[in-house]
Amino acid sequence: MPLTDQARIAREQLQPRIVELWRALTPLKTIVSFMNTGAHPDDEISEMLAAFRFRDGIDISYACSTRGEGGQNDIGTEATEALGVLRTAEMERACDVLGLRMYWLSTSPTDAIFDFGFSKSGIETMGKWGRDRTLARFVDILRAEKPDIICPTFLDISGQHGHHRAMTEAAHLVMTLAADPNYKGSDLAPWQVKKLYLPAWSGAGQAYDDDVPPPPATLTIEAKGSDPITGWSYAHIGQQSRAFHRTQAMGKWVPAGEERDWPLHLVESHVDGPDDTLFAGLPYDLKALGLPQVQDHMDAARAAFPDFDTVLKHASAALTALENVSVSDEFSHKIERKREQLAHVIRIAAGTQLIVRTAKSNLRTNDETALTVELRKGTADRVETAFSLPQGWTATNDSIALKGAPLTDPYPPVYLPGEPDAPCALLTLETHGVKSQTRIAFEVTPIILPDQAADIAPLGEVVNRQTKRRSIRLHVSNISPTGSKPTLQTPDGWSAASSETGFDLKLPDDIAAGCHTIALSLNGNPSQTVRMINYDHIEPRALARPAQMQVQVIDTILPDVKIGYIGGGNDRVDYWLERMGADVTAINDQDLQSDAQLAQFDTIVIGIFAMKFRNGLAEQMPRLHKWTQAGGTLLTLYHRPWDNWDKNNTAPEMLEIGQPSLRWRVTDEKASIKHLSDHALLTSPNKITAEDWQGWHKERGLYFAKAWSDAYRPILEMNDPDEAPHQGALLTADIGKGRHTHCALILHHQMEKLVPGAFRLMANLLAKRN
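Residues numbered from 1 in each chain as written. Predicted model: local features only at pLDDT ≥ 70, side-chain atom pairs only at ≥ 80, totals over all residues. Heavy atoms only, no water.

1. Things to note about helix α3 (residues 46-56)
Taken across its 11 residues, α3 has 10 buried, putting it largely inside the fold. The set of residues buried in α3 consists of Ser46, Glu47, Met48, Leu49, Ala50, Ala51, Phe52, Arg53, Phe54 and Asp56. Note on α3: the residue one or two positions beyond its end, Gly57, has a positive phi of about 80°. (Buried < 20%, exposed > 50% of the residue type's maximum accessible area, 1.4 Å probe, protein only. Helix = DSSP H or I, 4+ residues; strand = E, 2+ residues; numbered from the N terminus.)

2. Some thoughts on the packing of aromatic side chains
The full count for this structure, using the stated rule, is 10 aromatic pairs. Taken together, a centroid distance of 6.1 Å and an interplanar angle of 75° make the contact between Trp576 and Phe759 edge-to-face. One end of the pair, Trp576, is in helix α12 (residues 573-579); the other, Phe759, is in helix α19 (residues 756-766), with 183 residues separating them in the sequence. Judged by relative accessible area, Trp576 falls into the buried class, the value being 1%. Seen in terms of ring centroids, Trp642 and Tyr703 are 5.5 Å apart; in terms of plane orientation they differ by 90°. Their pairing is edge-to-face. Of the two residues, Trp642 sits in the loop between β32 (633-637) and β33 (655-657) while Tyr703 sits in the loop between β36 (701-702) and β37 (705-708), which places them 61 residues apart along the sequence. Relative accessible area serves as the criterion here: at 28%, Trp642 is assigned to the partly exposed category. By way of ring pairs, the aromatic residues Tyr575, Trp576 and Phe759 are connected into one cluster. A cation over a ring is seen here: Arg17 above Phe308, with NZ or CZ 3.8 Å from the ring centre. Above the face of the Tyr234 ring, Arg55 is positioned so that its terminal group lies 5.9 Å from the ring centre. (Phe/Tyr/Trp six-rings, centres within 6.5 Å; stacked < 30°, edge-to-face > 60°. Lys NZ or Arg CZ within 6 Å of the ring centre and 35° of its normal.)

3. Concerning the nonpolar core
Core analysis: the biggest nonpolar cluster contains 71 residues, and Leu577, Leu745 and Met762 have the highest contact counts within it. It is α19 that contributes the most residues to this core, seven residues altogether. The next biggest cluster of nonpolar side chains, apart from the first, holds 46 residues, and it includes Leu21, Ala304, Leu371 and Ala425. (Core = buried A, V, L, I, M, F, W, Y, C linked by side-chain atoms within 4.5 Å.)

4. Examining the sheet that holds strand β3 (residues 101-104)
Consider a sheet: its strands pair through backbone hydrogen bonds, and that pairing is either parallel or antiparallel. Pairing is mixed in the open sheet, where eight strands are placed in the order β6-β7-β5-β4-β1-β2-β3-β14. Two strands lie at the open edges of the sheet, namely β6 (219-221) and β14 (414-415), each paired on one side alone. Here six bridges tie strand β1 (residues 33-38) to strand β2 (residues 59-64), and the two strands are oriented parallel to one another. Residue Met35 lies in a different strand from β2, and its bridge partner there is Ser61. Most of the contacts of α3 go to β1, to which it runs at about 165°, and overall it touches β1, β2, β6 and β7 (262-269). Relative to the sheet, helix α6 (residues 131-145) contacts β1, β2, β3 and β4 (149-152), its axis offset from that of β3 by approximately 155°. (Pairing = 2+ DSSP bridges. Contact = heavy atoms within 4.5 Å. Axes fitted to C-alpha atoms, helices over the stretch in contact; angles between N-to-C directions.)

5. What about the pattern of salt bridges?
Evaluated as defined, the whole model comprises 47 salt bridges. Its salt-bridge partner being Glu169, residue Arg131 comes within 2.7 Å of it at the nearest N-O pair. Placement of Arg131 in helix α6 and of Glu169 in helix α7 (residues 162-177) is noted, with a sequence separation of 38 residues between them. Judged by its relative accessible area of 38%, Arg131 is partly exposed. (Salt bridge = Lys/Arg side-chain N within 4 Å of Asp/Glu carboxyl O.)

As structure tokens, this is what we get:
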């Protein structure tokens, strides 16, 4: 939806002109550029980058391999590709705070450079991403951005995430490859990065556990200061950026006095002199390129702050002096960046404002919408507006029309704050005799959706051969074009009858176990379905995929139990229990506080992260312990140590979750599983066999139990290659007349991926104690 007036006012409040001007002026100090490199959105060193950008004026950028598709999600149920779209949008907002130029190695949801889940090996990671593809993308990025310095966030050492290790190894390799004119993986002109640094701090923490100490510091970046205009510490500005990574629960308050400096270790240098500052050996400003007059005007513009008119005069003079300069190809990109930066200073100093909005925020590939343009001329002598539009777009003064326009890319490969890609407005000003142009993003950039599309639900379904249900109701809505006739492609023996809301499918009574794809067509043409991704902290996004429903027919015997489910909003386990035929009810906050209401349940399941996100649950655990002792079956799904998990009080008996997670997980989804006994959890009502451990996705599990009371009994043993076995993935204990089972296997994820064995094991975990 377009912004409401209230949202528009709130956005304007966050952009005071005086702060915008100050921040636009700081890059005029220097021509030095610094690129941070990492594997995931949120790997960037935000606090250090804030000091570089807002204190030192350094041009900062970030090269990231994946979109974080394999990460966790603290705010919703998006996973894999949909999570990648969401985290891309979060990363862009984080970039806006820092002025961070963003480059992705991964360019589509089907790219081999994908966050396939936690890895402990850089070799494994490079193998899955494709070594040649990874290096070629990295070289392209370096040759496009041309940074003077690169610095990975993590070290390539045992105990680190394999994705981090792969990117750090790649950073060493591309120092040579990007400068090699004979390298065949890139068509762009060679570029020699001048310095490669590594972090001289440990990457150990809640998730990682570096095996060796970091390298010695050769240079320390002091970053404990504060911005003189906003008063915010650089640490706080960094955290303002990180707070947009909400899916990963990022953003923390840094108390006064707890800001930090950042030690770096110089690994490789192609410049002379001792490395006593970050700028050592590098041309610092335009005076070093033989353009002292231009630099003098830029320095004068900075010195004139906050006098808008004087800033405008000197910035315009600097841009005039840059009009016909000639420098070597090695530095031409720096001249162009200064032109862009000066244009922003001029626009802000002149007080010129341009707002462009469309009446519709979602458009089809052949569509049109009204256009509104608001212009405040400010003190500019002359103002012109135009549009930069993608293929298939046309614009008039009051409308936009699309004809065969391409769909909006959910994985844009580049994001440059202040330099939006098309569609955008072009604002040209004439001030003090010089013309400048800036690109202005639409207030909300319209999302282009496919013409042949419909919403279908569900996208995944299970039918259990052990139950009577042989029907599926497929809901079809928002059909485009309106009036199109939907049809389904179904397997032999299935029927699909049209209904008011879509289709009612009937499956054969004797259907065999297996997976089936049901595709939707519109007027005989394959259709797409769109998942809209919209939260208040990001710009809206859309992920278009083939309109298909996956149906997994399973053979799972269900225990005769009534199940209560306590969720935290981070999984859909109760949905999948209901679909496989279990009798399940979501427990509300009121019933959670009632012994009488809890007594109706034989089994209670606590979903992932619920101890953190379900208000009041921690306080009710003694009540649930009492219920368990009276004969109830309590099942807790995986939690992290910081999810309000108290080792002595959350479970009925002592149970400690291990961290860092790297030491307490099995990332190989194909890892062999050893059954430690013929416990009922593995035999009743379903006999769990090797087949049930096949077809798993992403990993086996994480945040395994580290220590537990003697009351608990480990059921499984597993390990990653060349590691000691873990026994904390599945624990169970007899508690009075009942039972508590803690499962750190990612069953919720496997059920989303329709893995048959996950449903069979889950059914066993729900059963009452014999």
